[in-house]
Amino acid sequence: LSSSNRQLLDANRELTDQVDQLREQGEDLRIATTASQVAAEEIETLNEELQSSNEELETLHEEAQATVEELNVANEELQARSVELESLASTHALEQARLSTILASMADAVLVVDREGKPVRANAAYEEIIGDLVSPFAPMNEHGVPLPPFEAPANRVAKGESFRLEFTAAARDGSRRWFEATGRPLHGE
């Protein structure tokens, strides 16, 4: 009996040890299950965030495509405008060449001044008769007295006056010559 009791006690201890081990393993399993659930929730959260990021990227992609389309339209418009400007520049250059040819072929001296009365263009006849645009030009009355600045042809036309004026001036050779000036303002650009 005593031997059986010892065997039962030993078996009871082994069973107790195994029960303790099973409890520990059960606790470990609960901890692992909880960790698995937390990890699964984190994975689900990450998946939702990735889906949200994917949707944002799709939206950004669509916006980028719309921007590219707008830029393509703007580029096409710029190219069309560039062709138009090149055509206008070519036409302008042709008109400038015609104007220069016309001015060069005129026997009368022609002087163009800006709104302040400063010379901006002259033809060859002007330079031959009066001098270049840099040389001082002093129109005088019939007695050889310099005209007041407000009566000078360039200043009168700069003020917007249309006029006809006779005056004298020193020629390049030093002699005094008579001139008749007709001035008309050009309006617009």
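Residues numbered from 1 in each chain as written. Predicted model: local features only at pLDDT ≥ 70, side-chain atom pairs only at ≥ 80, totals over all residues. Heavy atoms only, no water.

Visitor: I'm lost on the overall build of the protein chain in this one. Help?
Guide: Scanning the protein chain from terminus to terminus reveals 3 helices and 4 strands. In the protein chain, the succession of helices and strands from N to C terminus is α-β-β-α-α-β-β. The C-alpha atoms of the protein chain give a radius of gyration of 51 Å, which is well past the 16 Å a tight globule of 189 residues would have. Across its three principal directions, the C-alpha atoms of the protein chain cover 165 × 35 × 30 Å. Classification of the 189 residues of the protein chain by burial places 14% in the buried group. Mean positive and mean negative side-chain charge positions of the protein chain (16 and 37 charges, respectively) differ by 17 Å. (Helix = DSSP H or I, 4+ residues; strand = E, 2+ residues; numbered from the N terminus. Rg over C-alpha atoms; globule rule 2.2 N^0.38 Å. Buried < 20%, exposed > 50% of the residue type's maximum accessible area, 1.4 Å probe, protein only. Lys, Arg positive; Asp, Glu negative; His and termini not counted. Charge placed at Lys NZ, Arg CZ, Asp CG, Glu CD.)

Visitor: Explain the packing of aromatic side chains here, please?
Guide: The geometry of two aromatic rings is summed up by the distance between their centres and the angle between their planes. For the coordinates displayed, the defined rule picks out 1 aromatic pair. Pairing F167 with F179 gives two aromatic rings, centres 5.7 Å apart and planes at 25 degrees, and the pair type is stacked. Remark: F179 occurs in strand 4 (residues 176–183) and F167 occurs in strand 3 (residues 163–170); sequence separation between them is 12 residues. (Phe/Tyr/Trp six-rings, centres within 6.5 Å; stacked < 30°, edge-to-face > 60°.)

Visitor: Help me understand a negative patch on the surface, please; the structure alone is not making it clear to me.
Guide: Residues E41, E42, E44, E48 and E49 make up a contiguous surface patch of negative charge. Within the fold, E48 resides in helix 1 (residues 2–105). Relative accessible area serves as the criterion here: at 46%, E48 is assigned to the partly exposed category. (Patch = residues over 30% accessible without salt bridge, like charges linked within 9 Å, V, L, I, M, F, W, Y side chains within 5 Å. Areas by Shrake-Rupley, 256 points an atom, 1.4 Å probe, with all protein chains shown as cover. Salt bridge = Lys/Arg side-chain N within 4 Å of Asp/Glu carboxyl O.)

Visitor: What is the right way to read the nonpolar core from this model?
Guide: Most often, soluble globular proteins keep nonpolar side chains buried together rather than apart. V113, A122, Y126, I130, L147, V157, F163, L165, F167, A169, F179 and A181 together form the largest nonpolar core, which totals 12 residues. Contributing elements (two or more residues each) for this core: strand 3 and strand 4. When residues in this core are grouped by element, the largest group, 4 residues, is from strand 3. Setting aside its immediate chain neighbours within four residues, V113 contacts K118, P119, V120, A154 and V157. (Core = buried A, V, L, I, M, F, W, Y, C linked by side-chain atoms within 4.5 Å. Contact = heavy atoms within 4.5 Å.)

Visitor: Quick question: what am I supposed to make of the environment of D108 here?
Guide: You can see D108 is positioned in the loop between helix 1 and strand 1 (111–113). Residue classification places D108 among the exposed positions, given a relative accessible area of 55%. As a C-alpha pair, D108 and G174 span 66 residues in sequence and 20 Å in three-dimensional space.

Visitor: Quick question: what am I supposed to make of the pairing of strand 2 (residues 119–122) here?
Guide: Here is the key point about a regular strand: its side chains alternate between the two faces of the sheet. Alignment of strand 1 against strand 2, held across 3 bridges, turns out to be antiparallel. The residue of strand 2 that forms the bridge with V112 is R121. Here strand 1 hands over to strand 2 after 5 residues, with G117 in that stretch at a positive phi of 85 degrees. (Pairing = 2+ DSSP bridges.)

Visitor: Is there a simple way to explain the pattern of salt bridges in this structure?
Guide: If charged atoms from side chains of opposite charge come close, those side chains can pair. With the rule as written, the count across this model stands at 8 salt bridges. Between R164 and E180 there is a salt bridge; the shortest N-O distance is 2.2 Å. Remark: E180 occurs in strand 4 and R164 occurs in strand 3; sequence separation between them is 16 residues. A relative accessible area of 62% means that R164 is categorised as exposed.

Visitor: Honestly, the side chain of N123 in this entry has me stumped. Any pointers?
Guide: Within the secondary structure, N123 sits in the loop between strand 2 and helix 2 (124–129). Within the structure, the side chain of N123 is placed 3.0 Å from the backbone nitrogen of V110, a separation counted as a polar contact. Ignoring sequence-local partners within four residues, the contact set of N123 consists of L103, A104, M106, D108, A109 and V110. (Polar contact = N/O pair within 3.5 Å; in protein donor to acceptor, adjacent residues only side chain to side chain.)

Visitor: Would you mind going over the side chain of R156 with me for this structure?
Guide: Secondary-structure assignment places R156 in helix 3 (residues 153–158). Engagement of the side chain of R156 in a polar contact is seen with the side chain of E161, the distance being 2.9 Å. Not counting chain neighbours up to four residues away, the residues in contact with R156 comprise F150, E151, E161, F163 and L165.

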